[in-house]
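Here are the chains, one letter per residue:
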Amino acid sequence: LALWVYSDSFGSCPDGHCTLISKGNTNASPYGYWLIANGSGTLRFTIADGASETSVYGGTLSTGAWHHVAATFDGTTAVLYLDGVDSGSASLGHGIAYNSDPFIAGAVPDRRYDHYGYLEEVILYDWALNSDQLGDLFDWYDDADGDGFNQADDCDPDDPAIYPGAPEVCDGADNDCDGDVDEGYDADGDG
């Protein structure tokens, strides 16, 4: 699973558990999976099968900033990613016990551990993405050229002078990303 997270506070979360994603029961015989940030922002991905429960810890979120968080499980290994980088992994001797509980973003079913902030672009895959795929997913939203627009919105993510709304220049490029090249510079209309 993958999502973007913006946290206002971790100290406000009940018992220091800020739930990002939950699918399952966290009580007496836990089953399902949970992606949680603790009271200091450290990520935890927990997988349970009703008898066994294993957690992977890694990466620390900060408040007041967007972070890309992902967690994968391929049947034997669980991995946490923060901003496109592997931040922790563990081998599991058990799987996930599936259930009829809802898939919830920002809370657990009984609302004990709500997240304070925003979650966006929540994606649940039915296979485990590898590190290259998760890096590409993060990079798609990254602003590599520093012009204030990520790769998903920037028509030339490698040139900081080309972005949506940039001034158009007579240079053979679509500087303002509107689909037209050098508009306003062909005064006589001869192309």
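Refer to the structure printed above.
I will try to describe carefully the structure that is included in this document.

The rules behind the values
- Residues numbered from 1 in each chain as written.
- Predicted model: local features only at pLDDT ≥ 70, side-chain atom pairs only at ≥ 80, totals over all residues.
- Heavy atoms only, no water.
- Core = buried A, V, L, I, M, F, W, Y, C linked by side-chain atoms within 4.5 Å.
- Buried < 20%, exposed > 50% of the residue type's maximum accessible area, 1.4 Å probe, protein only.
- Helix = DSSP H or I, 4+ residues; strand = E, 2+ residues; numbered from the N terminus.
- Contact = heavy atoms within 4.5 Å.
- Pairing = 2+ DSSP bridges.
- Axes fitted to C-alpha atoms, helices over the stretch in contact; angles between N-to-C directions.
- Patch = residues over 30% accessible without salt bridge, like charges linked within 9 Å, V, L, I, M, F, W, Y side chains within 5 Å.
- Areas by Shrake-Rupley, 256 points an atom, 1.4 Å probe, with all protein chains shown as cover.
- Salt bridge = Lys/Arg side-chain N within 4 Å of Asp/Glu carboxyl O.

## What to know about the nonpolar core
Next, step 1: Within the largest apolar cluster, 25 residues are counted, with the highest numbers of intra-cluster contacts made by L35, F45 and L61.
Next, step 2: Put simply, the parts of the chain that give this core at least two residues each are β1 (2–9), β2 (17–25), β3 (31–38), β4 (42–49), β6 (66–73) and β7 (77–82).
Next, step 3: Setting aside residues up to four positions removed in sequence, L61 forms contacts with V5, S7, F10, L20, A37, S40, G41, L43, H67, V69 and L82.
Next, step 4: Judged by nonpolar contacts, the second largest core, of seven residues, contains A70, V79, Y81 and L134.

## Structural notes on the pairing of β6
Next, step 1: Taking burial as the measure, the eight residues of β6 include seven buried ones, the bulk of the element.
Next, step 2: Across five bridges, β1 lies against β6 in antiparallel orientation. Note on β6: the bridge partner recorded for V5 is H67.
Next, step 3: Counted between consecutive antiparallel strands, the loop separating β6 from β7 contains three residues, among which G75 sits at a positive phi close to 105 degrees.

## A word on the environment of F10
Next, step 1: Summarising the element assignment, F10 is placed in the loop between β1 and β2.
Next, step 2: Distance in space between the C-alpha atoms of F10 and L61 is 9.4 Å, their sequence separation being 51 residues.

## Topic: unusual backbone geometry
Trans is the common state for peptide bonds, and a negative phi is the common state for residues other than glycine.
Next, step 1: Its identity as a non-glycine residue notwithstanding, D83 has a phi of 50 degrees, on the positive side.
Next, step 2: Tracing the backbone shows D83 in the loop between β7 and β8 (85–91).

## Remarks on the sheet that holds strand β10 (residues 116–123)
Next, step 1: If you walk across this open sheet you meet the five strands as β8-β7-β6-β1-β10, and the pairing is antiparallel. Each end of this open sheet is capped by a strand with a single partner; those strands are β8 and β10. Ignoring which end each strand starts from, the neighbouring axes of this sheet average 20 degrees apart.

## Quick word on a nonpolar patch on the surface
Next, step 1: On the surface, a nonpolar cluster with roughly 240 Å² of combined accessible area is contributed by F103, V122 and L124.
Next, step 2: Looking at the element boundaries, L124 is found in the loop between β10 and α1 (131–141).

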